[in-house]
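Chain by chain, the residues:
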Amino acid sequence: MIETFVFWAGATQLFIALVSLALPRILGWREQTARLEPLTRHVFWTYAAYIFCTNLFFAGISMFRPQMLVDGSVLARTVTGFITAYWGARVLIQLFAYRAAKPKGWFYLLADVGFLLAFVFLTAVYAAAMMHGV
């Protein structure tokens, strides 16, 4: 049962990664970052790429090898613990860090709630996977 949840957590992360490809256009990143110093602009885009690749890796391992994440090994618990912390931190960021800067409108509100629910789901699934077999 937990493997099925881990698989769907992977699918959720894949969806998040694919949707994030539209963020530069939706939020006007090219215009926003054009005003930055070149080094700062490159660091921003590098961090965005690292986050994208991290989400893809989490999605891939969760969808194609969920059993490896729930086998109760020290490595499985370490990896799922890290993923739990990663998405748990994202829940806190979504709740507290972005409040004042969020765009207005129904589209952004719907996206905000949807992402928050996804981040909570991911945190819960990986926490359960981490505790599986303990």
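What counts, and where the lines are drawn
Residues numbered from 1 in each chain as written. Predicted model: local features only at pLDDT ≥ 70, side-chain atom pairs only at ≥ 80, totals over all residues. Heavy atoms only, no water. Helix = DSSP H or I, 4+ residues; strand = E, 2+ residues; numbered from the N terminus. Contact = heavy atoms within 4.5 Å. Areas by Shrake-Rupley, 256 points an atom, 1.4 Å probe, with all protein chains shown as cover. Lys, Arg positive; Asp, Glu negative; His and termini not counted. Charge placed at Lys NZ, Arg CZ, Asp CG, Glu CD. Phe/Tyr/Trp six-rings, centres within 6.5 Å; stacked < 30°, edge-to-face > 60°. Buried < 20%, exposed > 50% of the residue type's maximum accessible area, 1.4 Å probe, protein only. Polar contact = N/O pair within 3.5 Å; in protein donor to acceptor, adjacent residues only side chain to side chain. Axes fitted to C-alpha atoms, helices over the stretch in contact; angles between N-to-C directions. Parallel < 35°, antiparallel > 145°, perpendicular 65-115°, else oblique. Left-handed = near helix turned anticlockwise from the far one by under 90°. Nonpolar A, V, L, I, M, F, W, Y, C, P; charged D, E, K, R; others polar. Expected span 1.5 Å × (residues − 1). pLDDT = per-residue confidence, 0-100.

J.: Just to check I follow, could you spell out the overall build of the protein for this structure?
T.: For the protein, the count of helices and strands is seven helices and zero strands. Ordered by position in the sequence, the α and β elements of the protein form the string α-α-α-α-α-α-α. Principal axes of the C-alpha set define a box for the protein whose edges measure 50 × 35 × 20 Å. Expressed as a percentage of contacts within the protein between residues at least 6 apart in sequence, the contacts between residues at least 24 apart total 79%. Accessible area of the protein: about 8,600 Å², with a carbon and sulfur share of 74%. Each charge class in the protein can be summarised by its mean position, and for the 10 positive and 5 negative side chains these summaries are 6 Å apart.

J.: Sorry if this is basic, but what is going on with the packing of aromatic side chains here?
T.: Think of a pair of aromatic rings as described by two things: how far the centres are apart, and how the planes are tilted against each other in angle. The full count for this structure, using the stated rule, is 13 aromatic pairs. Ring centres of Tyr 86 and Trp 87 lie 5.0 Å apart, and the angle between their planes is 90°; this geometry places the pair in the edge-to-face category. Judged by relative accessible area, which is 22%, Tyr 86 ranks as partly exposed. Here the aromatic rings of Phe 107 and Tyr 108 are separated by 5.3 Å at their centres, their planes lie at 80°, and the arrangement is edge-to-face. For Phe 107, a relative accessible area of 41% puts it in the partly exposed group. Taken together through their ring pairs, the aromatic side chains of Phe 57, Phe 58, Phe 82, Tyr 86, Trp 87, Phe 115 and Phe 119 make up a single cluster.

J.: Would you take a moment to explain the side chain of Gln 94 for this structure?
T.: Assignment of secondary structure puts Gln 94 in helix H6 (residues 74-97). Within the local environment of Gln 94, its side chain forms a polar contact with the side chain of Arg 90, the two groups lying 2.6 Å apart. Once you skip the residues sitting within four places of it in the chain, Gln 94 turns out to touch Arg 99, Lys 102, Asp 112, Phe 115, Leu 116 and Phe 119.

J.: Sorry if this is basic, but what is going on with the packing of helix H4 (residues 38-64) against H6 here?
T.: Each pair of packed helices gets described by two things: the angle between the helix axes and the distance between those axes. Look at H4 against H6: their axes get within 12 Å of each other, and the N-to-C directions meet at 130°. By the angle class used here, H4 and H6 are oblique. The crossing of H4 and H6 is left-handed. In this structure, H4 uses Ile 51, Thr 54, Asn 55 and Phe 58 to contact H6, whose residues at the interface are Phe 82, Ile 83, Tyr 86 and Trp 87. Class assignment for the residues of the contact of H4 with H6 results in six nonpolar, two polar and no charged.

J.: Is there a simple way to think about the environment of Phe 52 in this case?
T.: Considering the arrangement of structural elements, one finds Phe 52 in helix H4. C-alpha separation for the pair Phe 52 and Leu 14, spaced 38 residues apart in sequence, amounts to 9.6 Å.

J.: I keep staring at helix H7 (residues 106-131) and nothing clicks. Help me out?
T.: Count 3.6 residues to each turn of an α-helix, and residues three or four apart come out pointing the same way. Given a rise of 1.5 Å per residue, 26 residues ought to cover 38 Å, and the 38 Å separating the end C-alpha atoms of H7 matches this to within 8%. Every buried residue of H7 is accounted for by Asp 112, Leu 116, Ala 118, Phe 119, Leu 122, Thr 123, Val 125, Tyr 126 and Ala 129. On its buried face, H7 sits against helix H1 (2-20), H4, helix H5 (66-69) and H6.

J.: Sorry, what's going on with the confidence of the model for the protein here?
T.: Keep in mind that low pLDDT regions are not for reading the predicted coordinates in detail. Residue-level pLDDT values for the protein average 93, and 98% of them are 70 or greater. Of all helices and strands in the protein, the one with the weakest mean pLDDT is helix H2 (residues 23-26) (90), whereas H1 scores best (97).

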